[in-house]
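Below, each chain spelled out in residue letters.
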Amino acid sequence: MIRFEDVSVVYDGASSPVLSHVDLHVPEGELVLVVGRTGTGKSTLLKCVNGLVPHFTGGTLSGRVTVAGRDTRLHPPRELADVVGIVPQDPLSGFVTDMVEDELAYGMESIGLAPDVMRRRVEETLDLLGLADLRHRPLLSLSGGQRQRVAIGAVLTTHPQVLVLDEPTSALDPGAAEEVLAALQRLVHDLGVTVLLAEHRLERVVQYADRVVVVHGGGVALEVGLPHDIMVTAPVAPPVVELGRLAGWDPLPLTVRDARRAAGPLRERLAPLADDAVRRSRATLHVLDGEVALTVDDLVVRHGAVPALRGVTLAADRGEIVAVMGRNGAGKSTLLSTLVGLHVPASGAVSVGGEMPSRLRGRELIRRVGLVPQEPTDLLVADSVGAECTASDRDCAAVAGTTRAVLDRLAPGVDDSTHPRDLSEGQRLALALSVVLAAEPPVLLLDEPTRGLDYAAKRRLVATLRDLAADGHCVVLATHDVELAAEVATRVVVLADGEIVADGPATDVVVGSPMFAPQVSKVLSPQPWLTVSEVTAALVVAS
Amino acid sequence: MTRRTAHALGDRALPRWTHPGAWWVWALGLATAASRTTNPILLALLVAVAGWVVARRRPDAPWSRSFVVFLRLGLVIIAIRVLFTVFFGSGVGEHVLITLPSVPLPDWAAGVAIGGPVTAEELLLAVYQGMVLATMLACIGAANSLASPARLLASVPSALYEVGVAVVVAMTFAPQLVGDVARVRTARRLRGRPDRGVRAFVGSVMPVLEGALERAVDLAAAMDSRGYGRTGPVSRRVRLTSSVLLLLGVVGVCLGVYGLLDGGTPGLVALPLLVIGVLAGVTGMVLAGRRSIRTRYRPDPWALPEWLVSVAGLLPATVIIAVAVTSPDSLVGPVAPIAWPALPLLPTLAIVVGAAAGVVAPRPPGLAVVRDLGPAAVTLEGVAA
């Protein structure tokens, strides 16, 4: 269905090719997962499929890409619209109309289908993706998962044989991600659509894949194989796979269900160790000096007339890492914004380091509390890393070189002349984090820090956060990433509809929760294990 | 929807979108009527009619909340008009209300006066003239609230389609730009920089524009991938002819409309110009439309309700233009001497007929705008326990 023959892509002005001599064949009806670090050319690979590379992006493509027998050299993207549907990373950026139904029809109108065909296909697609209730809704009023499903539906109506998705679940909470993946699963099984899917969150998708393509970048050939085979040797793998490797299960389980079925003996071995290990992990994590870093008392915040937070009460000490979880729109981001004074409370009190953040300005504020927003680039202003560091030193009146020193600690080896946009996601996060940390705020807030991060970058982030907490920072992170929360959080707070519904040690809150439990916990429940490293440590101590 | 159900009127009809073109014809009709009278009663009646129809047939969508904004804008215009008269008025009239200290101006500024006596006649005239503009704005506002801009552009002829898309995209960009500005301001605050005032504004222009540009590129890629701009084959001669005809049409329509609204131009010149312009334009569009292979999903039908809505708007315009020729006095708000304005029977009736649009048009489909956050299946009781 999709065939890459000796494809190389060089962008204008680039010294080395993004893709070199790629050969790949995706047969009809397969769901192929594309993994690889940021900056290795995954997106370029995806965009080659419908000819956006090179027709739209520029650059030079040598070799040949054919989709359903059509050569992308001869067919620009619009001529391929009826065979390839491509869903961009941020669905909102690709919407052309303002209503769900019109959006579904847009592609069909462009290729000139007859009205009765369009009517039928819109209805079919609404049913297929469970969008029937939303048909008359404005696109802007939809939640993240709904938008993603509409974006998929919008390209499906032209009946493409190939569907290409770029990180469809990266911005979604676990529930919404499952919605989207279930819809994809259905397309592959019932309609025989060929799906090419790039995703960092392997734990969510690897179980659905027929084959995995690893893009190494830097001129190294693609690695293609069955998920089981790739996962045995993959340097980065979802927790369930790592647990399987640790326990020596064969075949390697890819799903929680498979792992659970194989986990009987492991559970027995771990049972006597559980209480002891939990106590130890809590003891190591609670190295608190008891100094209160922030307090929130009966906080109400409204967006217009809509209450986003209804009576939230929370306190956190220095040395704590608090994970704030909850579905999209539950008020996580609002809570963080209020803590840096971006929202003025409608009632209740917020205090960070003894001051009300919304009354603080400039340096007063950034010396007390720092926020790394969801999109770290928002925080960056300069056009090179060096200039960014200088600007940051000036902003917080620090000694020249402060920011650079922090950056070197978090992500060594970033060149001063690089444009922040050309950094990998992990490096960019590190840069934004350095900018914030240069002012040495005792309270550090992170909004969705793992969005778009690969496992390696995530591991570095985990280490960084632990160091910061050990230095006496109070870290609060809003996240959908249950694995991250399980890994670093000393405390988990669950928000729903602007209210705190659970607040306690990570072990108590996430174990047994269908949404927020990490994979290890799902496999080993009811025992209170959260991460592979905990299990490893316990087994090492026992033997 | 079958032809017959499309013809059903008012509340008896199934809820459906009334053709946006019909609402615009109706609203422009009312606006034309407003432009030809300064009689405050008639103007107030026009606003009332527009408001009543909006209240009855406004869909529950983000873009349909603009009527009130237009009304406020109208009030601002009246206020500005009055203030100008107070400060720069010439003081014509008998009833002096107040005398402001006047500022002596050099000789070369003869004819301009600042301050001096303010008369009731002058003020009243200012209010009436302000009301004309405010009423026209209210009519445009009504059309904006009743007809979705996206649906209007979807029903433009295929020749204009690509222009239409550009406009839709621009319209969706405006709210996103507001979001960008907020984001950049947030970032400035987080960096400890000033987030208010001139310096903050200057510092945030570049990032906001950068963001907008990036989104434009994303959108263009998405549209290209979805088949935007696929064309069918068409000969060079047809292309040229259609361009010339379109140009002629635009010029003709502009001159004709100006002539009709101006009132100084004889109707005998203006009307034929308008007709010729429209004919040339339509022919040009049909020719140009041959290039496009686009089809329309659920085009809004133009059935009986649409005809009636259009007539309900055109009738007041026609009657008032006719009355303006035969007995112009009744349409003028009397200023010198100050008197209670007359209530001319025929124009009043015609305007009231304009309200029929709110009765004959079908109700719009209900739009649930309640934010539904996906499957709320997160069993949090389990978590809390």
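This is a predicted model, so every value here is computed, not measured.

## Observations regarding the nonpolar core
Residues and elements named next belong to chain A.
Then, number 1: Judged by nonpolar contacts, the single largest core of 78 residues is most densely connected at Leu-294, Leu-445, Leu-465, Leu-477 and Val-492.
Then, number 2: Not counting the four nearest positions on each side in its chain, Leu-294 is found in contact with Leu-314, Ala-315, Ala-316, Leu-339, Ser-351, Val-352, Val-443, Cys-474 and Val-476.
Then, number 3: With 75 residues, the next largest nonpolar core counts Leu-31, Ile-152, Val-206 and Val-241 among its residues.

## Some points on the domain arrangement of chain A
Then, number 1: Annotation of chain A at the domain level lists domain 1 (2-232) and domain 2 (380-440).
Then, number 2: For domain 1 of chain A and domain 2 of chain A, the distance between their C-alpha centroids amounts to 34 Å.

## A look at the domain arrangement of chain B
Then, number 1: Looking at the assigned domains, one finds that chain B contains domain 1 (1-148 + 301-369), domain 2 (156-229) and domain 3 (232-295).
Then, number 2: Look at where the C-alpha atoms of domain 1 of chain B and domain 3 of chain B centre, and you get two points 28 Å apart.

## What about helix H12 (residues 345-354) of chain B?
Residues and elements named next belong to chain B.
Then, number 1: Inspection of H12 places Pro-347, Thr-348, Ala-350, Ile-351 and Gly-354 among the buried residues, and these make up the whole buried set. Along the long axis of H12, the arc covered by the buried residues comes to 165°, so they all point the same way. Along H12, exposed side chains directed more than 90 degrees from the buried face belong to Leu-345 and Leu-346.
Then, number 2: Those residues of H12 hidden inside the fold are in contact with helix H2 (20-35), helix H3 (40-57), helix H11 (304-326) and helix H13 (357-360).

## Let's talk about the sheet that holds strand E3 (residues 31-35) of chain A
All names here are of chain A.
Then, number 1: The strand order across the open sheet built from 6 strands is E6-E7-E8-E3-E9-E10, with neighbouring strands paired in mixed fashion. One side of each edge strand has no neighbouring strand; the edge strands of this open sheet are strand E6 (84-87) and strand E10 (223-225). Direction aside, the axes of adjacent strands within the sheet are offset by 15° on average.
Then, number 2: As paired elements, E6 and strand E7 (residues 162-166) share 4 bridges and run parallel to each other. Bridged to Val-84 within E7 is Val-162.
Then, number 3: Taken strand by strand, helix H7 (residues 174-191) contacts E3, E7 and strand E8 (194-198), and its axis lies near 160° from that of E7.

## Description of the layout of surface pockets
Then, number 1: Put simply, the second largest pocket is a space of about 1,600 Å³.
Then, number 2: When contributions to the lining of the second largest pocket are tallied by element, the ones reaching two or more residues are H2, helix H6 (149-154), helix H7 (161-190), helix H9 (236-262), helix H10 (267-289) and H11 of chain B.

## Regarding the environment of B:Pro59
Then, number 1: Here B:Pro59 is to be found in the loop between H3 and helix H4 (67-88).
Then, number 2: Remark: the alpha-carbon pair of B:Pro59 and B:Phe87, spanning 28 residues in sequence, is separated by 43 Å.

## Quick word on the packing of helix H17 (residues 402-410) of chain A against helix H18 (residues 425-437) of chain A
Residue and element names in this part refer to chain A.
Then, number 1: Two elements in contact, H17 and H18, have axes separated by 8 Å at closest approach and are oriented at 140°. Relative to H18, H17 is oriented oblique. The two elements H17 and H18 cross, and the hand of that crossing is right-handed. Here Thr-403, Val-406, Leu-407 and Leu-410 of H17 come into contact with H18, specifically with Ala-430, Leu-431, Leu-433, Ser-434, Val-435 and Leu-437.
Then, number 2: Here the contact of H17 with H18 is composed, by residue class, of 8 nonpolar, 2 polar and no charged.

## A short note on the packing of aromatic side chains
Residue and element names in this part refer to chain B.
Then, number 1: Applying the stated criterion across every chain yields a total of 3 aromatic pairs over all chains.
Then, number 2: Where Trp-23 meets Trp-26, the ring centres are 5.6 Å apart and the plane angle is 80°; that geometry is what we call edge-to-face. On the criterion of helical spacing, the pair formed by Trp-23 and Trp-26 is a turn pair, its members being 3 residues apart in helix H2. Neither residue differs from the other here; Trp-23 and Trp-26 are each classed as buried.
Then, number 3: Ring centres 5.8 Å apart and planes at 80° place the aromatic pair Trp-302 and Trp-307 in the edge-to-face group.

## Here's the deal with empty space enclosed by the protein
Which parts of space are left empty comes out when a probe the size of a water molecule is rolled across the atoms.
Residue and element names in this part refer to chain A.
Then, number 1: Using the criterion set out here, one finds 8 cavities of 30 Å³ or more in the structure.
Then, number 2: Roughly 130 Å³ of internal volume is contained in the largest cavity.
Then, number 3: Lining the largest cavity, in full, are Leu-410, Ala-411, Gly-426, Gln-427, Leu-429, Ala-430, Leu-433, Leu-453, Ala-457, Arg-460, Leu-461 and Thr-464.
Then, number 4: For the lining of the largest cavity, the secondary structure elements donating two or more residues are H18 and helix H19 (455-470).
Then, number 5: Per-element accounting of the lining of the largest cavity gives the leading share, 5 residues, to H18.
Then, number 6: Here the lining of the largest cavity is composed, by residue class, of 8 nonpolar, 3 polar and 1 charged.

## Here we look at a nonpolar patch on the surface
All names here are of chain B.
Then, number 1: The grouping of Val-76, Ile-80, Leu-83, Phe-84, Phe-87 and Phe-88 at the surface amounts to a nonpolar patch, some 580 Å² of accessible area in total.
Then, number 2: By the secondary structure assignment, Phe-88 is in helix H4.
Then, number 3: Phe-88 sits in the partly exposed class, given a relative accessible area of 44%.

## With respect to the sheet that holds strand E2 (residues 19-26) of chain A
Residues and elements named next belong to chain A.
Then, number 1: Strand order in this open sheet of 4 strands is E2-E1-E4-E5, and the pairing throughout is antiparallel. Of all the strands in the sheet, just E2 and strand E5 (70-71) have a single pairing partner and so form its edges.
Then, number 2: Two elements, strand E1 (residues 2-10) and strand E4 (residues 60-67), share 7 bridges in a ladder whose sense is antiparallel. Of the residues in E4, the one forming a bridge with Glu-5 is Arg-64.

## Here's the deal with unusual backbone geometry
All names here are of chain A.
Then, number 1: Here the residue pair Asp-250 and Pro-251 is connected by a cis peptide bond, since its omega of 0° sits within 30 degrees of zero.
Then, number 2: Positionally, Pro-251 belongs in the loop between helix H10 (239-247) and helix H11 (256-262).
Then, number 3: For the bond from Ser-525 to Pro-526, the omega torsion is 10°, close enough to zero to count as cis.
Then, number 4: Examined against the element boundaries, Pro-526 turns out to sit in the loop between helix H22 (519-524) and helix H23 (532-542).
Then, number 5: Although it is not a glycine, Ala-68 adopts a positive phi angle of roughly 50°.
Then, number 6: Along the chain, the position of Ala-68 falls in the loop between E4 and E5.
Then, number 7: According to the relative accessible area criterion, Ala-68 is partly exposed, its value standing at 33%.
Then, number 8: The backbone phi angle of Asp-298 is positive, close to 50°, even though this residue is not glycine.
Then, number 9: Looking at where Asp-298 falls in the secondary structure, it is placed in strand E11 (residues 292-303).

## Regarding the interface of chain A and chain B
Then, number 1: With 82 residues of chain A in contact, the opposing surface of chain B contributes 56 residues.
Then, number 2: Overall, the association of chain A and chain B removes approximately 5,900 Å² of surface from exposure, summing both partners, and the carbon and sulfur fraction of that is 53%.
Then, number 3: Summed over the three residues of chain A that lose the most area to chain B, namely A:Arg78, A:Glu109 and A:Arg327, the buried surface amounts to 10% of that side.
Then, number 4: Where chain A touches chain B, the interface holds 9 salt bridges.
Then, number 5: Here A:Asp395 and B:Arg191 are joined by a salt bridge, their closest N and O atoms 3.2 Å apart.
Then, number 6: It is helix H4 (residues 100-111) of chain A that contributes the most residues to the side of chain A that touches chain B, 10 residues altogether.

## Digging into H7(A)
Residues and elements named next belong to chain A.
Then, number 1: Relative to the 26 Å expected for 18 residues at 1.5 Å per residue, H7 spans 25 Å between its end C-alpha atoms, a close match to the ideal helical length.
Then, number 2: Every buried residue of H7 is listed here: Pro-174, Gly-175, Ala-176, Ala-177, Glu-179, Val-180, Leu-181, Ala-183, Leu-184, Leu-187 and Val-188.
Then, number 3: For H7, the capping residue at the N-terminal end is Asp-173, with a side-chain oxygen 3.1 Å from the backbone nitrogen of Gly-175.
Then, number 4: Positioned one or two residues after H7, Gly-192 has a phi angle of 70°, which is positive.

Thresholds applied
- Residues numbered from 1 in each chain as written.
- Chains lettered and ligands numbered in written order.
- Predicted model: local features only at pLDDT ≥ 70, side-chain atom pairs only at ≥ 80, totals over all residues.
- Heavy atoms only, no water.
- Core = buried A, V, L, I, M, F, W, Y, C linked by side-chain atoms within 4.5 Å.
- Buried < 20%, exposed > 50% of the residue type's maximum accessible area, 1.4 Å probe, protein only.
- Contact = heavy atoms within 4.5 Å.
- Domains from an automatic or database assignment.
- Helix = DSSP H or I, 4+ residues; strand = E, 2+ residues; numbered from the N terminus.
- Arc of directions from axis to C-beta.
- Pairing = 2+ DSSP bridges.
- Axes fitted to C-alpha atoms, helices over the stretch in contact; angles between N-to-C directions.
- 1 Å grid on protein atoms, 1.4 Å probe; cavity = no way out; pocket = protein on both sides within 12 Å on 5 of 7 lines; lining within 4 Å.
- Points joined across faces, edges and corners; volume = space filled by probe spheres on them.
- Parallel < 35°, antiparallel > 145°, perpendicular 65-115°, else oblique.
- Left-handed = near helix turned anticlockwise from the far one by under 90°.
- Nonpolar A, V, L, I, M, F, W, Y, C, P; charged D, E, K, R; others polar.
- Phe/Tyr/Trp six-rings, centres within 6.5 Å; stacked < 30°, edge-to-face > 60°.
- Patch = residues over 30% accessible without salt bridge, like charges linked within 9 Å, V, L, I, M, F, W, Y side chains within 5 Å.
- Areas by Shrake-Rupley, 256 points an atom, 1.4 Å probe, with all protein chains shown as cover.
- Salt bridge = Lys/Arg side-chain N within 4 Å of Asp/Glu carboxyl O.
- Buried area = accessible area lost by both parts, 1.4 Å probe.
- Expected span 1.5 Å × (residues − 1).
- Polar contact = N/O pair within 3.5 Å; in protein donor to acceptor, adjacent residues only side chain to side chain.

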